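# Chains, contacts and geometry: an overview
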Amino acid sequence: MAEAVVEARKQSRVGKRPVALPKGVTVNVSGSKLDIQGPKGKLSLELPPTVQLKKDGDKLLLESSAPGRDAARYQGLGRALLQSKVKGVAEGYERLLELVGTGYRCEVKGQTVSLALGFSHPTQVELPPGVSGNVPADSKGTLLVLTSADKSLLGQVAASIRDLRPPEPYGGKGIRYRGEAIRRKAGKAAKAKGK
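Here we summarise the structure given alongside this text. Note that the structure is predicted; figures quoted are calculated from it, not measured.

## A closer look at the sheet that holds strand 13 (residues 174–177)
Reading across the sheet, the 4 strands line up as 11-12-7-13 and stay open at both edges, with antiparallel pairing between neighbours. Of all the strands in the sheet, the pair left with one neighbour each is strand 11 (131–134) and strand 13. Here the average twist between neighbouring strands, direction ignored, is 25°.

Structure representation (structure tokens):
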């Protein structure tokens, strides 16, 4: 009679590292739902169903009971999501958007961002709760600073603002992330000079 082969659960290299809790950050566990609170705000996270959380002093460890290779995948996913939420409530996240182009400006009033992007009318963007916007005085309205404790929400808001006028490859005009490399093209003038 053949013996049943038991496949050992694999551990994720990312997932087996503990998540350290900074001072002032608390985590409340109720089933698979986590409530994370810190100086920058309060966030909640729903762990994958096969992932369990263990507290070890000021460190959090994740384990997965999924069969085979899925254990490592879910463990790594859960740990990455938890780490980003813990860092968000402790330090917060920031996205910098640069407006490049003649007459391109922005201003923030409360939760509304007003953008002049070369259209016939200014574009209004309403920031969701949890995301705040700021225009530094020395930037003359060409730099928009977005801050939030929620990394995924902040990235989504920044991407939707960038999509209003993505950088174009010929003149380089548009909204870009700070430090983003824009692939430039020569255009018709360079082609005419080559003849």
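## Focus on unusual backbone geometry
At Lys 140, a residue that is not glycine, the phi angle is positive and equals roughly 55°. The topology assignment puts Lys 140 in the loop between strand 11 and strand 12 (143–148). By relative accessible area, which is 68% here, Lys 140 ends up exposed.

## A look at the sheet that holds strand 4 (residues 41–46)
Reading across the sheet, the 3 strands line up as 2-3-4 and stay open at both edges, with antiparallel pairing between neighbours. Only two strands of the sheet have a single partner each, and these edge strands are strand 2 (26–30) and strand 4. Within the sheet, the average angular offset between the axes of one strand and its neighbour, ignoring direction, is 15°. Here helix 1 (residues 70–90) sits on the sheet in contact with strand 3 (33–38) and strand 4, set at roughly 170° to strand 4.

The rules we used
- Residues numbered from 1 in each chain as written.
- Predicted model: local features only at pLDDT ≥ 70, side-chain atom pairs only at ≥ 80, totals over all residues.
- Heavy atoms only, no water.
- Pairing = 2+ DSSP bridges.
- Helix = DSSP H or I, 4+ residues; strand = E, 2+ residues; numbered from the N terminus.
- Axes fitted to C-alpha atoms, helices over the stretch in contact; angles between N-to-C directions.
- Buried < 20%, exposed > 50% of the residue type's maximum accessible area, 1.4 Å probe, protein only.
- Contact = heavy atoms within 4.5 Å.

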